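Okay, here's what each chain looks like letter by letter:
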Amino acid sequence: MRDSGLRWILWSYLALVFIFVFSPILASVIFSFNSQRFPTIPLGEFSLEWYEAIFSDPEVWEAAGRSLLVSCCTALLATFIGFCTAYTDFRYNFRFKGAYLALALLPPTIPLIIMALAMLAWLSRIGASGQVWSIILAHTVLTAPFAMAIIRLRLSQMDESLEAAAWNLGADEWAAMRHVIVPFAKPAIISALCLTAAVSFDEFAVAWFVSGLNKTIPVVILEIVQGNIDPRVNAIGSFVFLTSMTLVVAAQLFYMSKQNKDAS
Amino acid sequence: MAQSDPNKTSIAYRMTWRMPIIVWQFLFFIGPLALMVAMSFFLVKNYRMVEAFEMKNWAKMFGRDYFWDSYLYTFGLATAATLICTLIAFPASFALAFKVSANVRRWAIFLLIIPFFTSYLVRTFSWYVILAESGVVNAMLGYVGLGPYTMLNTMFGTLVGYLTLTLPLVIILQTISLAQVDRSLIEAAHNLGCGRMRTVLTVIVPLAKVGLIIGAVFCFILSFGDFVAPYYLGGSKPPTLPILIIDQTKSGQQWPRAAVVAITMMVTLFTIAFAAIYAAYAKRGRT
């Protein structure tokens, strides 16, 4: 009796926590279809005016295109660098490896606002600030550690002697890489591409500092929010949410489907 | 272990994989941070930065009351967020680790990863609308004859924002570490007549200590460095350190002073992180 009571309390508590976590996301989607400028209860009528407003705004389209470009380039660069680092960690031991890994994994522990200031100062010094590729450079630093972690996790499931076996059978090191390591790591590589793209697509602090006039979608949101209560934010937000979620779910599916296949 | 020597691979091959991150991090991570440290000694004349080695920015910032007000306020808020978040997360993580099936746990963790990839800005804006004087929460409270309460531009608002940012991550880290606690030790405690609460506090919490502390550290780092919640939900009075950085950079062109604030923040965070990691891995004494 006492046990089921406790179970009931824990379940309700879990439900409350999940409501807290998801209510801003759900509210944003609901408000985006709501006619009121300032949503409250009871809700206003169903309306698409906020979506019409953003779809007819060329600035939003430009920003969306730029965001896509930035997140695609970031994903490719970060995943490549992450793969190299993960493979190095998997395969080699060398002096200062601790320092090497620290260097690779440190960026996410530095607050974004500090990275933003440091990047702005550095990029404007080397004459690279205010460009689309300034955002790409900065985002690659921020996201490469995630790519490295995902791919490293996958590599640790691999039998280390597989690669050596390929060498013994006469493959040179590059062939072994191409025919053994890369195929094995492929699901993680695709996951890493999706996740780094998603992170880049949402990042606003660094992008805001270094992008100059080349605003990405999150920077546009930031600027709208700074002005006033404007439900267009909910419409853009829902669109961004859909994009990121597609990427995250895709990443998860790629990673899990391959693992299930391995397991069976 | 039959493992052939990886060092027989050629230098070119080895370096192809080893170098990219080194080059990239030195160019776009270490470089910027080092410049930021140097920049804190530069001077600003006629709105232009001049290279110098002067302590002026440090003296100016450290000599101002508003800097220390801001520092203490930010530190206090982040500490409060860390304690509250850890306490709120623990029962949820406990339930996920011990009271649900592995399948439910996997789904819960997947759901908790989702917010990490949704725009934190949009979620904050959502809270702004929900918590407003005439917003959804006050409207609901109004039906039962309560309120309206002022929740925006208060510490409460800031804390809601911080928790939005940190709670999912902290629950994930806590759940993973709790799920790894050896069940037989818990059973042993029960068999030896240890009560429920006592088992949690003296057996489970110490065994999951590392994960709990790492969760708290991440919560502190994220809250301490966040400018969105204190700005939009807290009304930025007084401004937190990240808001000071933005003000000095965006409106004042005072990059060197912003660098002083940023370095102070980093030193604080590293001190906290090292102290916490030391505490996490300190040898587990008998209780």
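Residues numbered from 1 in each chain as written. Chains lettered and ligands numbered in written order. Predicted model: local features only at pLDDT ≥ 70, side-chain atom pairs only at ≥ 80, totals over all residues.

### Some words on the overall build of chain A
Across its full length, chain A carries eleven helices and zero strands. Referenced to the eigenvectors of the C-alpha coordinate spread, the extents of chain A come out at roughly 70 × 70 × 30 Å. Burial status across chain A gives 45% buried among its 264 residues. In chain A, the share of contacts with a sequence separation of at least 24, taken over all contacts with a separation of at least 6, comes to 78%. (Helix = DSSP H or I, 4+ residues; strand = E, 2+ residues; numbered from the N terminus. Buried ≥ 20, exposed ≤ 12 C-beta atoms within 10 Å, placed from the backbone. Contact = placed C-beta atoms within 7 Å.)

### Quick notes on the overall build of chain B
Within chain B, the secondary structure is distributed over 13 helices and two strands. Computed over C-alpha atoms, the radius of gyration of chain B comes to 24 Å, more than 25% over the 19 Å expected from 2.2 N^0.38 for 287 residues, which places it beyond the range of a compact globule. With the C-alpha coordinates of chain B rotated into their principal frame, the extents come out at 75 × 75 × 35 Å. When burial is assessed residue by residue, chain B has 41% of its 287 residues classed as buried. A sequence separation of at least 24 residues applies to 73% of the contacts in chain B between residues at least 6 apart. (Rg over C-alpha atoms; globule rule 2.2 N^0.38 Å.)

### Some words on the interface of chain B and chain A
Between chain B and chain A, the contact holds 64 residues from the first and 62 residues from the second. Ranked by the residues each element gives to the side of chain B that touches chain A, the list is headed by helix H1 (residues 11–39) of chain B, at 17 residues. Of the residues assigned to the side of chain B that touches chain A, the class counts are 46 nonpolar, 14 polar and four charged. (Nonpolar A, V, L, I, M, F, W, Y, C, P; charged D, E, K, R; others polar.)

### Brief notes about the nonpolar core
With 154 residues, the main nonpolar core has Ala116, Leu117, Met119, Ile151 and Val206 of chain A as its most contacted residues. For Leu117 of chain A, the residues in contact, after removing those within four places along its chain, are Phe209 of chain A together with Met36, Ile245, Thr249, Ala258, Ala259 and Ala262 of chain B. (Core = buried A, V, L, I, M, F, W, Y, C linked by C-beta atoms within 7 Å.)

### Overview of the environment of Arg232 of chain A
Residue and element names in this part refer to chain A. Residue placement: Arg232 occurs in helix H11 (residues 232–263). Residue class for Arg232 comes out partly exposed when judged on the 19 C-beta atoms lying within 10 Å of it. In sequence terms Arg232 and Leu162 are 70 residues apart; their C-alpha atoms lie 54 Å from each other. Ignoring anything within four residues of it in the chain, the contact list for Arg232 reads Trp50, Ala53, Ile54 and Ile224.

### Digging into the confidence of the model for chain B
For chain B, per-residue confidence averages 89 on the pLDDT scale, and residues scoring 70 or more make up 95% of the total. ipTM for the predicted complex: 0.90, alongside a pTM of 0.90. (pLDDT = per-residue confidence, 0-100.)

### A look at the packing of helix H3 (residues 58–91) of chain A against H1 of chain B
Taken N-terminus to C-terminus, the directions of H3 of chain A and H1 of chain B make an angle of 125°; their axes are 7 Å apart at the nearest point. Between H3 of chain A and H1 of chain B, the crossing angle belongs to the class labelled oblique. Regarding H3 of chain A and H1 of chain B, the two cross each other, and that crossing is left-handed. The residues of H1 of chain B that touch H3 of chain A, namely those facing Ile81, Cys84, Thr85, Tyr87 and Thr88 of chain A, are Trp17, Arg18, Pro20, Ile21 and Trp24 of chain B. Class assignment for the residues of the contact of H3 of chain A with H1 of chain B results in seven nonpolar, two polar and one charged. (Axes fitted to C-alpha atoms, helices over the stretch in contact; angles between N-to-C directions. Parallel < 35°, antiparallel > 145°, perpendicular 65-115°, else oblique. Left-handed = near helix turned anticlockwise from the far one by under 90°.)

### Comments concerning helix H13 (residues 255–281) of chain B
The first and last C-alpha atoms of H13 of chain B sit 38 Å apart over 27 residues, in line with the 39 Å expected at 1.5 Å per residue. Within the span of H13 of chain B, buried status applies to Trp255, Pro256, Arg257, Ala258, Ala259, Val260, Val261, Ala262, Met265 and Leu269 of chain B. (Expected span 1.5 Å × (residues − 1).)

### Side note on unusual backbone geometry
Note the cis peptide between Lys237 of chain B and Pro238 of chain B, where omega equals -10°. Of note, Pro238 of chain B is situated in the loop between helix H11 (228–233) and helix H12 (241–251). A positive phi angle is found at Phe96 of chain A, which is not glycine, with a value near 65°. Summarising the element assignment, Phe96 of chain A is placed in the loop between H3 and helix H4 (97–105). On the neighbour-count criterion, Phe96 of chain A (9 C-beta atoms within 10 Å) is exposed. The backbone phi angle of Ser236 of chain B is positive, close to 50°, even though this residue is not glycine. Turning to its location among the elements, Ser236 of chain B is positioned in the loop between H11 and H12. C-beta crowding within 10 Å serves as the criterion here: with 19 such atoms nearby, Ser236 of chain B is assigned to the partly exposed category.

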